[in-house]
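Structure assessment
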Amino acid sequence: MYRTDRCRIVGHYARDLATLTAEQHATIEYGRTWYTVNGTVDALWYRRKHGYTPACLGPLRLWSHTRTEPVDVSSPRSVLTAGLDGRCGAKRTGRWDGHTYWGADEPVTMAAHLAILRPMLAAFPTVPDGYDRWWHF
């Protein structure tokens, strides 16, 4: 995973490092130790669809099942720079295109999403406050 200041529409995620959780398990197989790491982090991203650019949010899953070295799962930066996979993308739980919202049905969750997505879309392509730069695989 690589960190950059430049935003691209495809595959770049701003992450809330305070929400990163990861766990690691070791397995010994054929005399060799393999480490499995699974984690998630809240992410924001833009996408292009039908000529407009909506702002999106949701959890991004990170994993690796064949690591030969352990990862310091207590450090968000260590987890993000450990070469974990997450290329399938994040699970979108909210989207704002400037006119319509898609996501949660609960008014409180909807208001929380829009409090993040509205200023994010208005300030395109800057990284929203509280999120760490753009990361990509």
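Data block above holds the structure.
An account of the accompanying structure is given in this report. Values in this document were obtained by computation on a predicted structure and should not be read as measured data.

About the cut-offs
- Residues numbered from 1 in each chain as written.
- Predicted model: local features only at pLDDT ≥ 70, side-chain atom pairs only at ≥ 80, totals over all residues.
- Heavy atoms only, no water.
- Helix = DSSP H or I, 4+ residues; strand = E, 2+ residues; numbered from the N terminus.
- Buried < 20%, exposed > 50% of the residue type's maximum accessible area, 1.4 Å probe, protein only.
- Phe/Tyr/Trp six-rings, centres within 6.5 Å; stacked < 30°, edge-to-face > 60°.
- Lys NZ or Arg CZ within 6 Å of the ring centre and 35° of its normal.
- Expected span 1.5 Å × (residues − 1).
- Bend = angle between axes of the 7 residues up to and from the residue.
- Contact = heavy atoms within 4.5 Å.
- Pairing = 2+ DSSP bridges.

Here we look at unusual backbone geometry
- A cis geometry characterises the amide bond from Phe-124 onward to Pro-125, with omega recorded as 5°.
- Of note, Tyr-30 is a non-glycine position whose phi angle comes to about 55°, a positive value.
- Among the structural elements, Tyr-30 can be located in the loop between β3 (21–29) and β4 (32–46).
- The exposure class assigned to Tyr-30 is exposed, which follows from its relative accessible area of 83%.

Brief notes about the packing of aromatic side chains
- Scanning the model with the defined rule gives two aromatic pairs in all.
- Here Arg-92 stacks its cationic end above the ring of Trp-102, 5.0 Å away from the centre of that ring.
- Across the ring face of Trp-96, the terminal group of Arg-118 is positioned such that the distance to the ring centre comes to 4.8 Å.

Topic: helix α2 (residues 107–122)
- With 16 residues, α2 ought to run about 22 Å at 1.5 Å a step, and its terminal C-alpha atoms sit 22 Å apart, in line with that.
- Of all the bends found along α2, the most pronounced is centred on Leu-114 and spans about 25°.
- What α2 keeps buried is the set His-113, Leu-114, Leu-117, Met-120 and Leu-121.
- Buried-residue contacts for α2 involve β4, β5 (55–67), β6 (94–96) and β7 (101–102).

As for the pairing of β5
- As judged from the 11 bridges shared by β4 and β5, these two strands associate in the antiparallel manner. Paired with Asn-38 across the two strands is Trp-63, which belongs to β5.
- In the sheet, β5 pairs with β6 via three bridges, with the strands oriented antiparallel. Residue pairing across strands places Cys-56 opposite Arg-95, the latter belonging to β6.

Concerning the environment of Tyr-52
- Checked against the element boundaries, Tyr-52 lands in the loop between β4 and β5.
- Sequence separation of Tyr-52 and Glu-106 is 54 residues, and the distance between their C-alpha atoms is 26 Å.
- Apart from residues no more than four positions distant in its own chain, Tyr-52 is found in contact with Arg-47 and Asp-97.

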